[in-house]
Amino acid sequence: MKTFRDVERIIKGQATSDGDGVKLTRLLTQDLQKRLDPFLMLDAFGSDEATDYVGGFPDHPHRGFETVTYMLEGKMRHQDSAGNTGLLEDGGVQWMTAGKGVIHSEMPEQKEGRMSGFQLWLNLPSHQKMCSPWYKDIQRNEIPEKTLPNGITIRVIAGESLNTLGAVQREVTQPLFLDIHFPEDKSSSFEQFIASEHNAFLYVYHGEVSVDGQSKIQAVRSKEMAILSNKAEFVAITANAKTKLILISGAPLKENIVQYGPFVMNTKEEIIKAVEDFRNGEFA
Ligand code: FE2
């Protein structure tokens, strides 16, 4: 029998800024890291005002996890200490495994117009935290996309949906990252299987959806994130306007999480070592 996930909690996020004054909303905050294991952070950014983003994210380090940047609108230049450089454009994804350490910058390549998107932090299992850094720019046309007969379009960034493999797969954390677009003119529904032990959440960035759960039907409005219950498998979503959302899930690592800014390790000692290594120039 199919079981359907309920909305467990609605999150509105916290307005904050990061990098050199980039305005954003932090949706997945540190207090949710255990509940949404293996995910560590989700930021949404979106502004028509250049002053909100033009400072970008100058050189900064990371160790112990992966960063996934999904650009909806705008252009951002990436450069890192592993020698990678790339331009992230509308609809593209940048997937970076920081592993044992990188220093990188993410700078807007525009001085006007709209910039919007997401940055998701995905944890690495303890045995991979000190792996070599890895990086991939995935352009818009490289992200598998499928349109259902009812008009819903699914962009499969990671994992698998509708028998379509996403642009990135990860064996341990098994991330699913979908961007789901509903058609404008009619009410449509979409169902996605997610193993019940995997943690899952969605964020509506345009329009409004209803999550048709096992015990209740709940609306999730624009700019709201919904944590989905683990007692069931399927996520059933209905929307009747030109709604857009991201749906994310992953297999929990169930390991200790110690975060100090851009370093996420398993123990305090490993964090101290990360700070030391960074100061000693070992990330460069
Ligand atoms: Fe970064």
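## Here we look at the pattern of salt bridges
Under the counting rule described, the total for this entry stands at 15 salt bridges. Residues Glu 73 and Arg 114 are paired through a salt bridge, measuring 3.1 Å at the closest nitrogen-oxygen approach. Taken together, the residues span a long stretch of sequence, with Glu 73 in strand 6 (residues 65-73) and Arg 114 in the loop between strand 10 (102-108) and strand 11 (115-123) at a distance of 41 residues. By relative accessible area, which is 30% here, Glu 73 ends up partly exposed. Each of the salt bridges in this network shares a partner with another, and the network as a whole consists of Asp 18, Arg 26 and Asp 43.

## Structural notes on the packing of aromatic side chains
Per the stated rule, a full pass over the model turns up 10 aromatic pairs. Centre to centre, the rings of Phe 4 and Phe 234 are 6.1 Å apart; their planes meet at 45°, and the pair counts as tilted. Placement of the pair is Phe 4 in the segment before strand 1 (7-11) and Phe 234 in the loop between strand 22 (224-228) and strand 23 (235-239), with a sequence separation of 230 residues. Taken individually, Phe 4 and Phe 234 each receive the classification buried, so the pair is uniform in this respect. Centroid distance Phe 118 to Tyr 203: 5.6 Å. Interplanar angle 80°. Geometry classified as edge-to-face. Taken together, the residues Phe 118 in strand 11 and Tyr 203 in strand 19 (residues 199-206) connect sequence positions 85 residues apart. Here Tyr 203 falls in the buried class, since its relative accessible area comes to 4%. An aromatic cluster of at least three residues, connected via ring pairs, comprises Phe 4, Phe 193 and Phe 234.

## A few points about the coordination of the iron ion
The protein atoms that coordinate the iron ion are His 60 (NE2), His 62 (NE2) and His 104 (NE2), at distances spanning 2.1 to 2.2 Å. The motif formed by the donor residues of the iron ion, counted along the single chain, is H-x1-H-x41-H. Taken together, the residues span a long stretch of sequence, with His 60 in strand 5 (residues 57-62) and His 104 in strand 10 at a distance of 44 residues. Accessibility expressed as a relative area gives 0% for His 104, which makes it buried.

## Some words on the sheet that holds strand 23
Read across the open sheet, the four strands follow the order 18-23-20-21; overall the sheet is antiparallel. The open sheet has two edge strands with one neighbour each: strand 18 (188-192) and strand 21 (217-220). On average, adjacent strands in this sheet sit at an angle of 25° to one another, irrespective of strand direction.

## So, the nonpolar core
Ranked by internal contacts, the top residues of the largest apolar core, which has 29 residues, are Leu 42, Trp 95, Phe 118, Phe 177, Phe 201, Met 225 and Ile 246. In this structure, Ile 152, Leu 178, Val 209 and Leu 247 belong to the second largest nonpolar core, which totals 23 residues.

## Brief notes about the sheet that holds strand 4 (residues 39-47)
Backbone hydrogen bonds are what pair the strands of a sheet, in a parallel or an antiparallel way. Spatially, the seven strands line up as an open sheet ordered 2-3-4-11-6-9-12, and their pairing is antiparallel. Each edge of the open sheet is held by one strand with a lone partner, namely strand 2 (14-18) and strand 12 (134-138). The sheet shows a mean angle of 20° between the axes of neighbouring strands, taken without regard to direction. Direction of pairing for strand 2 relative to strand 3 (residues 22-28): antiparallel, over a ladder of five bridges. From the neighbouring strand, Gln 14 faces strand 3, where its bridge partner is Arg 26.

Reading guide: rules and limits
- Residues numbered from 1 in each chain as written.
- Predicted model: local features only at pLDDT ≥ 70, side-chain atom pairs only at ≥ 80, totals over all residues.
- Heavy atoms only, no water.
- Salt bridge = Lys/Arg side-chain N within 4 Å of Asp/Glu carboxyl O.
- Helix = DSSP H or I, 4+ residues; strand = E, 2+ residues; numbered from the N terminus.
- Buried < 20%, exposed > 50% of the residue type's maximum accessible area, 1.4 Å probe, protein only.
- Phe/Tyr/Trp six-rings, centres within 6.5 Å; stacked < 30°, edge-to-face > 60°.
- Donors = N, O, S within 2.8 Å, 3.2 Å for Na, K, Ca; no water.
- Pairing = 2+ DSSP bridges.
- Axes fitted to C-alpha atoms, helices over the stretch in contact; angles between N-to-C directions.
- Core = buried A, V, L, I, M, F, W, Y, C linked by side-chain atoms within 4.5 Å.

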